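What follows is the residue order along each chain.
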Amino acid sequence: MKILQVLTHSAHVFSVDLSSLLLDGWHTRLGEELAKHSDCQIECLTFDPCIDKPLKIKIGNNLTLKAFPSISVSFAYEYSHSEINYIKK
């Protein structure tokens, strides 16, 4: 079984460093706690307009952090085709 945890905004919106968000964001902390108490594969997903290809960081046996490139249409509206396609799989 796989648990997908999707962060609904990018680090860019809040002027936060993407690596800080990936490694120490609330979704990563929650993912780490879920991984401690579950045998499920846990993926923490986010997106950011400042990257041009997907990023993947594996932590332990069952936690993976992924960031996808996105398009920023306005301050409050961003989307990522690659993240949407990944979730659809």
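Structural notes, computed from the coordinates.

Along the protein, the regular secondary structure elements total 3 helices and 6 strands. Counted from the first residue to the last, the protein has its helices and strands arranged as β-α-α-β-β-β-β-β-α. For the protein, long-range pairs separated by at least 24 residues make up 47% of all intrachain contacts whose partners lie at least 6 apart in sequence. For the protein, the exposed surface amounts to about 5600 Å²; the carbon and sulfur share of it is 59%.

Listed in full, the 8 residues of the largest apolar core are Leu 22, Ala 35, Ile 42, Cys 44, Ile 51, Leu 63, Leu 65 and Ala 67. For this core, the secondary-structure elements that each account for two or more residues are β2 (41-48) and β4 (63-69). Non-local contacts of Ala 35, meaning those with residues more than four positions away in its chain, are made with Ile 42, Asn 62 and Leu 63.

What follows deals with the sheet that holds β2. Pairing between the strands of a sheet comes from backbone hydrogen bonds, and it takes one of two forms, parallel or antiparallel. Reading across the sheet, the 4 strands line up as β1-β2-β4-β3 and stay open at both edges, with mixed pairing between neighbours. Either end of the sheet is taken by a strand with one partner, and the two such strands are β1 (2-6) and β3 (55-59). On average, adjacent strands in this sheet sit at an angle of 20° to one another, irrespective of strand direction. With 7 bridges joining them, β2 and β4 adopt parallel strand pairing. Looking at β4, one finds that Asp 48 is bridged to Pro 69. Running over the sheet, helix α2 (residues 26-36) touches β1, β2, β3 and β4 and is turned about 170° from β2. Against the sheet, helix α3 (residues 81-88) contacts β1, β2 and β4, and its axis sits at roughly 160° relative to β2.

Before going further, it helps to spend a moment on the packing of aromatic side chains. Taken as a whole, this structure holds 2 aromatic pairs when the rule is applied. Taken together, a centroid distance of 5.5 Å and an interplanar angle of 40° make the contact between Phe 68 and Tyr 86 tilted. Placement of Phe 68 in strand β4 and of Tyr 86 in helix α3 is noted, with a sequence separation of 18 residues between them. Of the two residues, Phe 68 and Tyr 86, neither departs from the other in class, the shared state being buried. Ring geometry for Tyr 77 against Tyr 79: centres 5.8 Å apart, planes inclined by 45°, an arrangement best described as tilted. Given a relative accessible area of 25%, Tyr 79 falls into the partly exposed group.

Calculation rules
- Residues numbered from 1 in each chain as written.
- Predicted model: local features only at pLDDT ≥ 70, side-chain atom pairs only at ≥ 80, totals over all residues.
- Heavy atoms only, no water.
- Helix = DSSP H or I, 4+ residues; strand = E, 2+ residues; numbered from the N terminus.
- Contact = heavy atoms within 4.5 Å.
- Areas by Shrake-Rupley, 256 points an atom, 1.4 Å probe, with all protein chains shown as cover.
- Core = buried A, V, L, I, M, F, W, Y, C linked by side-chain atoms within 4.5 Å.
- Buried < 20%, exposed > 50% of the residue type's maximum accessible area, 1.4 Å probe, protein only.
- Pairing = 2+ DSSP bridges.
- Axes fitted to C-alpha atoms, helices over the stretch in contact; angles between N-to-C directions.
- Phe/Tyr/Trp six-rings, centres within 6.5 Å; stacked < 30°, edge-to-face > 60°.

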